[in-house]
Amino acid sequence: MEYNLVHAMLGRFGILIPLLGLFFEIASIVSQKKLVSKIAGGIVILGSLLVIGATLTGLEEINYLRSMNQNIQPFRIHMVIGGAVAVVFTILSLIRIYLYTKVNERVVIVYMVIYTLTVMANLFSNEIVIHSLRGE
C-alpha cells in the first residue's frame, strides 16, 4: 500500500478517534464514572497512536513528493500544525497514563483544556488540506 493511502487512512482515524476521546472525556467528567474515564483514556491513547502514525506516514509522503519534484507548498501549514499536534498528543497520552494512576484536579483541568485545543487544531489542519486539494 502506498504511503499516501496509509496516511489518508491513519489521518482520518487520527482525527475521528481523538474527537471521540474528547466526547468520552467530557462524558466521564459529567457522569463521574470510573469505567467511562478508563474507556476515555484508552480512546485518547489509541487516538494519540493514530496521530503519531499519521504523522510518520505523512513525513514519508512528503519525502516521496520531494523526490518526485512535486510542489509541497500547499501542505506547509498542514505539516507544521500536524507535527505540533503529534508532539502535543504524545505528551497528552503520557499525562493520560499518569491520570490512570492518580487523579489530580488541576492536572485534569490543564489536560482537558490542552486536549480540547489540540483536537480543534487537528480538525483545523485537516480542513486546510481539504481546501488546498480543492484549490480553494
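Note that the structure is a prediction, hence the values are computed from the model and not measured.

We now examine the packing of aromatic side chains. This structure, assessed with the given rule, holds 2 aromatic pairs. Relative to Tyr 115, the ring of Phe 89 has its centre 5.9 Å away and its plane inclined at 80°; by these criteria the two rings are edge-to-face. On the criterion of sequence distance, the pair formed by Phe 89 in helix H3 (residues 76-101) and Tyr 115 in helix H4 (residues 105-134) is long-range, its members being 26 residues apart. Neither residue differs from the other here; Phe 89 and Tyr 115 are each classed as buried. Considering the side-chain rings of Tyr 111 and Tyr 115, the 5.7 Å spacing of their centres and the 15° angle between planes classify their relative orientation as stacked. One end of the pair is Tyr 111 and the other is Tyr 115, both in helix H4 and 4 residues apart, which spans about a single turn. Tyr 115 matches Tyr 111 in its accessibility class, with the two residues each being buried.

This next bit is on the confidence of the model for the protein chain. For the protein chain, per-residue confidence averages 89 on the pLDDT scale, and 92% of positions sit at 70 or higher. Taken element by element, the predicted model of the protein chain shows its lowest mean pLDDT in H4 (87) and its highest in H3 (92).

About the cut-offs
- Residues numbered from 1 in each chain as written.
- Predicted model: local features only at pLDDT ≥ 70, side-chain atom pairs only at ≥ 80, totals over all residues.
- Heavy atoms only, no water.
- Phe/Tyr/Trp six-rings, centres within 6.5 Å; stacked < 30°, edge-to-face > 60°.
- Helix = DSSP H or I, 4+ residues; strand = E, 2+ residues; numbered from the N terminus.
- Buried < 20%, exposed > 50% of the residue type's maximum accessible area, 1.4 Å probe, protein only.
- pLDDT = per-residue confidence, 0-100.

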